[in-house]
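# Fold and contact review
So the chains spell out like this:
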Amino acid sequence: MCPITRGRLPTIRAVSESVLNISAYLFVPIDDRDTLRPHLLERCKALSLMGTILLAEEGINLFLAGAPEAVRGFVAELRADPRFAPLAPKESWSAHQPFRRMLVKNKREIIRMDHPAIRPSAGRAPAVDAPTLRRWLDQGHDDAGQPVVMLDTRNAFEVDYGTFEDAIDWRIGKFSEFPAAVQAHRDQLEGKTVVSFCTGGIRCEKAAIYMHELGLTNVLQLEGGILKYFEEVGGAHYRGDCFVFDGREALAPDLSARSSHASARAFEDPDLPIKQG
């Protein structure tokens, strides 16, 4: 694993953190994106929300911030559509709006892997929840006595902000490089219980399915990613922060923000290439 290279800056804590930030994704077939996209954009603007929503045939991926009643109201509206009823947003708070604009885009994939045959909506890879993973890491093995290997599926610069102790880091520059990295380093994973993880769960879900397709059957995804782990068990066995693609820059294990300004996530994320203009 590459060592953490960025020093921990003092956590910014506002007296009143009134902006609710959510991230959520769901792999579900969507065949009405052309009508859904303008509707979602209109509703978000009416509620003064900012962030990014991506729509693809494979599902929805969203990052939103605003007044808590507006954010939760929008999620309730989404869940009224039976397709989106299982949406389970991860919540955190900030003192200021971390996004500069509201974007709703139609994309080929909600997280780019360039492997269209990987369809999570057709069946998920097995998952492990945060409390169970912490227990495994505490005891040094899973419940079957097998060694546990943590596999970071994020990009190298994200890993440099923080990651799990002794996690495998293949220094990928973007998620579409992950399949080739797995094939080149497959021997590292053989004979172990592999737990793939990422920020919020979307990349490690696709990664786990891909590894199963390669015949690495003892692979699990961390349910809800690093942010859900922070929410449920804190920072046990994690070192550093978790990078996020908005004005907060990174979140500590207590979900407090490193920075406080506004950014446009979609213009910075190499895995979500939304072109300016």
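Residues numbered from 1 in each chain as written. Predicted model: local features only at pLDDT ≥ 70, side-chain atom pairs only at ≥ 80, totals over all residues. Heavy atoms only, no water.

Positionally, Asp152 belongs in strand β7 (residues 148-152). A polar contact is formed between the side chain of Asp152 and the side chain of Arg154, at a distance of 2.8 Å. Ignoring anything within four residues of it in the chain, the contact list for Asp152 reads Val159, Thr163, Ile168 and Phe197. (Helix = DSSP H or I, 4+ residues; strand = E, 2+ residues; numbered from the N terminus. Polar contact = N/O pair within 3.5 Å; in protein donor to acceptor, adjacent residues only side chain to side chain. Contact = heavy atoms within 4.5 Å.)

Next up on the list: the sheet that holds strand β3 (residues 59-66). Within the open sheet, the five strands sit side by side as β4-β1-β3-β2-β5. Their pairing is mixed. Whereas interior strands pair on both sides, the edge strands pair on one side only; in this sheet they are β4 (90-94) and β5 (102-106). For this sheet, the mean angle separating the axes of adjacent strands, direction not counted, is 10 degrees. Of the pairings in the sheet, the one linking strand β1 (residues 19-27) to β4 comprises five bridges and is antiparallel in character. Bridged to Ile22 within β4 is Glu91. Helix α1 (residues 33-46) contacts β2 (50-56), β3 and β5 of the sheet and is inclined by roughly 175 degrees relative to β5. (Pairing = 2+ DSSP bridges. Axes fitted to C-alpha atoms, helices over the stretch in contact; angles between N-to-C directions.)

Let us look at the sheet that holds β7. Read across the sheet, four strands follow the order β6-β10-β9-β7 without closing on themselves; strand pairing throughout is parallel. In this open sheet, the two edge strands, each paired with only one partner strand, are β6 (127-128) and β7. Judged from the three bridges that link them, strand β9 (residues 193-197) and strand β10 (residues 219-222) form a sheet pairing that is parallel. Counted as the bridge partner of Val195 is Leu220 from β10. Contacts between helix α6 (residues 202-213) and the sheet are confined to β7, β9 and β10, with β10 contributing the most and set at about 175 degrees to the helix.

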